[in-house]
Amino acid sequence: MDKATFRKYGHELVDWIADYFDKVEQYPVKSSVKPGEIKSRLPTSPPDKGEDMEIIWKDFQKLILPGITHWQHPGWFAYFPANNSPASVLGELLAAGLGAQCMVWATSPAAEELEEVVLDWLRQMLGLPKGLKGVIQDTASTATLVALLTAREAATNFTSNDKGLQENLKIYSSRETHSSIEKGVKIAGYGRENLRYIATDEDYALRPDKLEEAIQEDLERGEKPACVVATIGTTSSTAIDPLPEIGEICDRYDLWLHVDAAFAGTAALLEEKRDLLAGAEYLDSFVFNPHKWMLTNFDCSAYFVRDPELLIRTLAINPEYLKTARDDEVNNYRDWGIQLGRRFRALKLWFVIRDYGVEGLKDIIRRHIKLAEEFAGWIREDKELELLAPVSTSLVCFRWNNGSTPPEELNKINKKILDSINQSGEVFLTHTKLDGKYTIRLVVGQRTTGKKQVERAWQIIKQVVAEVTDQDQNY
Ligand SMILES: *Cc1c(COP(=O)(O)O)cnc(C)c1O
């Protein structure tokens, strides 16, 4: 590509993205291509000669775009959001242009220092305790793995790094915990059998009494409890594990406390939601994802630790070719995570926080929560729809239930309802199971989602419920 072409398409692509933001609502939210459909239209071998950008760009629109699910669609109510914003896209573009590899301070001092500053902004924005130090990880899964590795070394006085794990260390988390805990436990070498899932209460939050029972049982058996992972906002239903009680137990038994607040952590931006993080004074490590609900495009996960020395001692490597004269004065984030090479992710975060201001971000989060609460209110008033979990932030869990249909049949009907809702192409919702109940999830978290889209979702749901249940009665 020559310079003039780069300039031309640089402008054209940014224009295209701006138009995309304006009209993303016109696409069906969810791509409906069949498995293999996109692949079948692509050449199986790479081109020998360079191709024109004009053709590449046309092919993107013709071949790739139909296979895209539109996460930035205002009718996005599925999973959790992964929202972006104009500021984050520009920050990402600039980071790609600089192409800086930010593994240690010396390989781009501004990247390290900006990351340090912006993460401390985030700490303040969430009201997290003073003294916590932050670093950006690619994902919450990686942050949790790093926490589990540090907990392992802290529990074995840094001998596992050298000798491998010599004993069974026990990890505790609720049944509703995210699958990344199990993955982290496998990778960190604890062994899956050492992960104990603790029973939850009727709101799907971890029961501290059951946690303590399990710890005592393990101690009596001569096992070694090491770490508790508490979730603030579980993936199924945004249940909030009781951090003050869990923290007190961790304190008493000297256990590592990792807090996974991947989605719901963002809500703590709001003073009225700060109680979500009550008990934060007990935590050893904490993760939340600006790439989920804080307008910073994927990937950007904020990881905080009480004692960076433990983290660094767990992960540090110091080969000769990476030594610099400044190592004593600065942070070298290669030792704060799994990867050596690091992208300049702090840049987009800086852009986002400055572009919106803390107040601007709070307005958006507040709007989402209010819309979810309104929607939950409609469910509550409806005779045949029921809420299946408390609405702690902006996720609503519900199902159709006329009170006389047997459980298995209810699950089938609700699955049918969800499938039909999504066939509209205007909205996209996903499901989970709570206590064996097929549960429809609606999460409000897109930058542009407003009352209009939530009302439209409600209309579609009511219409589909009428159709599906009427049809079912006629069988
Ligand atoms: C989404 C989610 C994760 C995983 O996030 P990644 O950044 O994709 O790894 C972990 N925990 C919870 C509670 C989540 O909701």
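About the criteria used
- Residues numbered from 1 in each chain as written.
- Predicted model: local features only at pLDDT ≥ 70, side-chain atom pairs only at ≥ 80, totals over all residues.
- Heavy atoms only, no water.
- Patch = residues over 30% accessible without salt bridge, like charges linked within 9 Å, V, L, I, M, F, W, Y side chains within 5 Å.
- Areas by Shrake-Rupley, 256 points an atom, 1.4 Å probe, with all protein chains shown as cover.
- Salt bridge = Lys/Arg side-chain N within 4 Å of Asp/Glu carboxyl O.
- Helix = DSSP H or I, 4+ residues; strand = E, 2+ residues; numbered from the N terminus.
- Near = heavy atom within 4 Å.
- Polar contact = N/O pair within 3.5 Å; in protein donor to acceptor, adjacent residues only side chain to side chain.
- Nonpolar A, V, L, I, M, F, W, Y, C, P; charged D, E, K, R; others polar.
- Buried < 20%, exposed > 50% of the residue type's maximum accessible area, 1.4 Å probe, protein only.
- Contact = heavy atoms within 4.5 Å.
- Phe/Tyr/Trp six-rings, centres within 6.5 Å; stacked < 30°, edge-to-face > 60°.
- Pairing = 2+ DSSP bridges.
- Axes fitted to C-alpha atoms, helices over the stretch in contact; angles between N-to-C directions.
- Right-handed = clockwise from strand over helix to strand, strands pointing away.
- Expected span 1.5 Å × (residues − 1).

S.K.: Hey, could you run me through a nonpolar patch on the surface in this one?
M.R.: A cluster of nonpolar residues, V14, L90 and L93, forms a patch on the protein surface that exposes about 260 Å² of accessible area. Counting through the fold element by element, L90 comes out in helix α4 (residues 86-98).

S.K.: I tried to follow the site of the ligand on my own but got confused; where do I start?
M.R.: Surveying the vicinity of the ligand reveals 14 residues, the closest of which are A140, S141, D260, N289 and K292. One of the side-chain N or O atoms of T235 is found 3.1 Å from an oxygen atom in the ligand. Considering the ligand on its own, with 380 Å² of exposed area, one finds that the protein chains cover 88% of that surface. Going through the elements one at a time, α6 (140-155) and α11 (290-293) are the ones with two or more residues in the shell around the ligand. Each residue belonging to the shell around the ligand can be placed in one class, and the counts come to 3 nonpolar, 9 polar and 2 charged.

S.K.: Teacher, can you tell me more about the environment of R367 here?
M.R.: Topologically, R367 is positioned in helix α13 (residues 346-381). On the accessibility criterion, R367 (31% relative accessible area) is partly exposed. Residues R367 and F304, 63 residues apart in the sequence, show an inter-C-alpha distance of 27 Å. Discounting residues that sit within four places of it in the chain, R367 has contacts with Q446, R447, T448 and T449.

S.K.: Which parts of the structure should I look at to understand the packing of aromatic side chains?
M.R.: Two numbers describe a pair of aromatic rings. These are the distance of the centres and the angle of the planes. Counted according to the given criterion, the structure contains 20 aromatic pairs. Ring centres 6.0 Å apart and planes at 80° place the aromatic pair Y79 and F428 in the edge-to-face group. Residue Y79 is located in the loop between α3 (53-64) and α4, and its partner F428 is located in the loop between α14 (407-423) and β10 (430-434); the two are separated by 349 residues in the primary sequence. For Y79, a relative accessible area of 43% gives the class partly exposed. Judged by centre distance (6.4 Å) and plane angle (45°), the ring pair of F286 and F288 falls under tilted. One exposure class covers both F286 and F288, and it is buried.

S.K.: What am I meant to see in the sheet that holds strand β7 (residues 301-305) here?
M.R.: Across a sheet, paired strands are connected by hydrogen bonds in the backbone, their directions being either parallel or antiparallel. On the basis of which strands lie adjacent, the open sheet formed by 7 strands has the order β1-β7-β6-β5-β4-β2-β3 and mixed pairing. Unpaired on one side and paired on the other, β1 (133-137) and β3 (195-198) mark the two borders of the sheet. Taken pair by pair, the neighbouring strands of this sheet meet at an average axis angle of 20°, ignoring direction. Looking at chain direction, strand β6 (residues 285-288) and β7 are connected through 4 bridges and run antiparallel. By the bridge assignment, F288 is partnered in β7 with A302. In the packing of helix α8 (residues 179-187) onto the sheet, contacts are made with β2 (169-174), β3, β4 (224-231) and β5 (256-260), and the angle to β3 comes to roughly 160°. Taken strand by strand, helix α10 (residues 243-253) contacts β4 and β5, and its axis lies near 155° from that of β5.

S.K.: Please explain the pairing of β5 as it appears in this structure.
M.R.: The element β5 is extensively covered by neighbouring structure, given that 5 of its 5 residues are classed as buried. The side-chain alternation of β5 yields two buried faces, one formed by W256, H258 and D260 and the other by L257 and V259. Looking at chain direction, β4 and β5 are connected through 5 bridges and run parallel. Opposite C227, over in β5, you have W256 as the bridge partner. Running through α10, the crossover from β4 to the neighbouring parallel element β5 is right-handed.

S.K.: Can you help me understand the pairing of β10 in this one?
M.R.: Note on strand geometry: in a regular strand, side chains alternate between the two faces of the sheet. The alternating pattern of β10 places T430, T432 and L434 on a buried face and H431 and K433 on a face that is not buried. The pairing of β10 with strand β11 (residues 437-443) spans 5 bridges and is classified as antiparallel. Paired with L434 across the strands is K437, a residue of β11. From the end of β10 to the start of β11, which pair antiparallel, there are 2 residues, and D435 there has a positive phi angle of about 55°.

S.K.: Quick question: what am I supposed to make of α14 here?
M.R.: Since one α-helical turn is 3.6 residues long, residues separated by three or four positions face the same way. Helix length check: α14, at 17 residues, gives a terminal C-alpha distance of 25 Å against a target of 24 Å (1.5 Å per residue), a fit within 8%. For α14, the complete set of buried residues consists of L410, N411, I413, N414, I417, L418, I421 and N422. G425, located one to two residues past α14, shows a positive phi value of around 75°.

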